[in-house]
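Secondary and tertiary structure notes
One-letter residues, chain by chain:
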Amino acid sequence: MTSVQQLIQADSAGWRKRDCITLFDVSIPQFRSVLEVADGLKALDLQRQPGVEWQYPRTLAMIFEKPSLRTRVSFEASMAHLRGHAINLSAQEIGLGTREPIPDVACVLSKWVDIISARVFSHSSVAGLAEFATVPVINALSDDEHPIQAFADLMTLRERKGALGNNLKLTYVGDGNNVLHALLLACTKMGVNISAACPPGYLPWERYVAEARRIGKETGASVEIISDPKIAVRDADAIYTDVWASMGQEAEQQKRARIFAPYQINENLLACAKPDCLVLHCLPAHRGDEISEAMMTRHSETIYEEAENRLHTQKALMLLMIGL
Ligand code: CP
Ligand code: NVA
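The structure presented is a predicted model; accordingly, all values stated were derived computationally and were not measured. (Residues numbered from 1 in each chain as written. Chains lettered and ligands numbered in written order. Predicted model: local features only at pLDDT ≥ 70, side-chain atom pairs only at ≥ 80, totals over all residues. Heavy atoms only, no water.)

**Remarks on the packing of helix 5 (residues 102-112) against helix 6 (residues 123-132)**
This is how it is decided: Axis definition: a line fit to C-alpha positions, over the contact stretch in the case of helices; interaxial angles, taken between N-to-C directions, run 0 to 180 degrees. The helix count covers DSSP runs of H or I at least four residues long, the strand count covers runs of E at least two residues long, and both are numbered beginning at the N terminus. To sort the angles, those under 35 degrees are grouped as roughly parallel, those over 145 as roughly antiparallel, those from 65 to 115 as roughly perpendicular, and the leftovers as oblique. By convention, the crossing between two helices is left-handed when the near helix turns anticlockwise from the far helix through less than a right angle, and right-handed when the turn is clockwise. Any two residues having at least one pair of non-hydrogen atoms within 4.5 Å are treated as being in contact. Gly counts as polar in this scheme, as do all residues outside two lists: the nonpolar Ala, Val, Leu, Ile, Met, Phe, Trp, Tyr, Cys and Pro, and the charged Asp, Glu, Lys and Arg.
With their axes 8 Å apart at the nearest point, helix 5 and helix 6 run at an angle of 50 degrees to one another. Relative to helix 6, the element helix 5 is oriented oblique. Handedness of the helix 5/helix 6 crossing: right-handed. Across from Ile102, Pro103, Val105, Ala106 and Cys107 in helix 5, the residues of helix 6 making contact are Ser125, Gly128, Leu129 and Phe132. The residue inventory of the contact of helix 5 with helix 6, partitioned by class, reads seven nonpolar, two polar and no charged.

This is how it looks when you write it as structure tokens:
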């Protein structure tokens, strides 16, 4: 048995039969366990060693109310690697909460599949699935939070900068959205200092900031939310950005482009951070908006690896949730 298999079998962090809906509910040891198992899985992959597989075939139902490249393909590839199977269900197909009530969808899917993932507009839809499903449910992005993105982000930060802790600072620049919400909780849980520069009116929600500050008191991580990007990125080890208009906000795109223009990650902004500062982006990227063409090109290796790490962290999460 490999050390990765031992980690999964031991489940010392207590993931078994747990959902992953919000990082509010993910303990520090649980967060860390996903990174540990993901590191082990990635090492086996890179060494072209026999990977970890389930003892019998498992199935994942993936519900998508919004578009996706990374989430859909990384989940589907994860299931192929683990000798499982993924079923893609579009919102139109199943009419979550319209054609059929959420509790019925959750209960019947639980009769056929081993895990459910859902990308939704309203966070209450994925929370409702978790409430009624008898199998683990994963939030694959909601309007509130993108927890599984944060696992890959922190894995990438650790790979590039070493052990996670108060010696590191990540700065998010842009919209105070679902991705920042997850990062606030993920960074503080891992002890990483986090600052965010967001335009007035586009700040992260207070309950995420308050929870991050509460966690930070425990782990020593600082939390700073300001509006000046140049001040926010001072001494940053990593700068992170995301689209200015999230899925569902397309009508606001032009208005947001004007408001967010001073929040672009470009040469001038990066010059205010540490010389070896990383640039991270959850993707999709809009070159010329939240990130300049030159920055995207220069930092694409890290950003694409961050996308790769979605595969390893989601595989790890599913293995921890249901065992081998
Ligand atoms: N980062 C991310 O979740 O990408 P997709 O929207 O393509 O899944
Ligand atoms: N904030 C973005 C993230 C995309 C992965 C959105 O919700 O569209």
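Having put the structure on the table, let's press on.
**Comments concerning the site of ligand 1**
To be explicit about the condition: The rule for a residue being near a molecule or strand is that one of its heavy atoms must lie within 4 Å of it. Two N or O atoms count as a polar contact when they lie within 3.5 Å, although within protein this holds only if one can serve as hydrogen donor and the other as acceptor, and sequence-adjacent residues are included solely when both atoms are side-chain atoms. Using a 1.4 Å probe, accessible areas were evaluated by the Shrake-Rupley method; residue-level cover was limited to the displayed protein chains.
Taken together, the neighbourhood of ligand 1 is formed by Ser68, Leu69, Arg70, Thr71, Arg119, His146, Gln149, Cys282, Leu283 and Arg310. Between an oxygen atom of ligand 1 and a main-chain N or O atom of Leu69, the distance comes to 2.7 Å. The side chain of Gln149 places a nitrogen or oxygen atom 3.0 Å from a nitrogen atom of ligand 1. Against a free-state accessible area of 260 Å², the protein chains account for coverage of 96% of ligand 1. Grouping the amino acids of the shell around ligand 1 by side-chain chemistry returns three nonpolar, four polar and three charged.

**As for the packing of helix 3 (residues 70-81) against helix 14 (residues 300-322)**
Here helix 3 crosses helix 14 at 50 degrees, and the two axes come no closer than 9 Å. When the axis of helix 3 is compared with that of helix 14, the two are oblique. Here the hand of the crossing between helix 3 and helix 14 comes out right-handed. Judged by residue contacts, Arg70, Thr71, Ser74, Phe75, Ala77, Ser78, Met79 and His81 of helix 3 engage Ala307, Arg310, Leu311, Gln314, Lys315 and Met318 from helix 14. Taken together, the residues that form the contact of helix 3 with helix 14 break down as six nonpolar, five polar and three charged.

**Let's talk about the state of the cysteines**
We count it as follows: Sulfur atoms of two cysteines make up a disulfide when they are within 2.5 Å.
Counted under the stated rule, the structure contains zero disulfides. Cysteine Cys282 remains unbridged, with the sulfur of Cys187 as its closest cysteine sulfur at 13 Å.

**A closer look at the sheet that holds strand 6 (residues 193-197)**
Hydrogen bonds between backbone groups are what pair the strands of a sheet, and the pairing can be parallel or antiparallel. So the rule is basically this: For two strands to be treated as a pair, DSSP must find no fewer than two bridges joining them.
Pairing within the open sheet is parallel, and its five strands lie in the order 7-6-5-8-9. The open sheet has two free edges, formed respectively by strand 7 (223-226) and strand 9 (278-281), since each of these has just one partner strand. Here the strands of the sheet are splayed against their neighbours by 20 degrees on average, with no regard to which way each runs. Judged from the four bridges that link them, strand 6 and strand 7 form a sheet pairing that is parallel.

**A closer look at the nonpolar core**
Threshold: The criterion is simple. A nonpolar core is a set of buried Ala, Val, Leu, Ile, Met, Phe, Trp, Tyr and Cys residues joined through side-chain atoms within 4.5 Å. Relative accessibility decides the category of a residue: with a 1.4 Å probe and only protein chains considered, values under 20% of the type maximum give buried, values over 50% give exposed, and everything between is partly exposed.
By size, the foremost hydrophobic cluster in this structure holds 66 residues, and its most contacted members are Leu154 and Leu170. Per-element tally for this core: the top contributor is helix 8 (residues 178-189), with eight residues. Not counting residues up to four positions away in its chain, the partners in contact with Leu154 are Phe31, Leu35, Leu164, Leu183, Ala186, Cys187, Met190 and Val192. Listed in part, the 20 residues of the second largest apolar core include Ile94, Ala130, Ala133 and Val135.

**Remarks on the site of ligand 2**
Neighbouring ligand 2 are the residues Leu141, Asn177, Asn178, Val179, Asp242, Val243, Ser246, Met247 and Leu283. Between a nitrogen atom of ligand 2 and a side-chain N or O atom of Asn177, the distance comes to 3.3 Å. Here a nitrogen atom of ligand 2 and a side-chain polar atom of Asn178 are 2.8 Å apart. For ligand 2, the protein covers 96% of the area, taking 270 Å² as the surface of the free molecule. A per-class count over the shell around ligand 2 returns five nonpolar, three polar and one charged.

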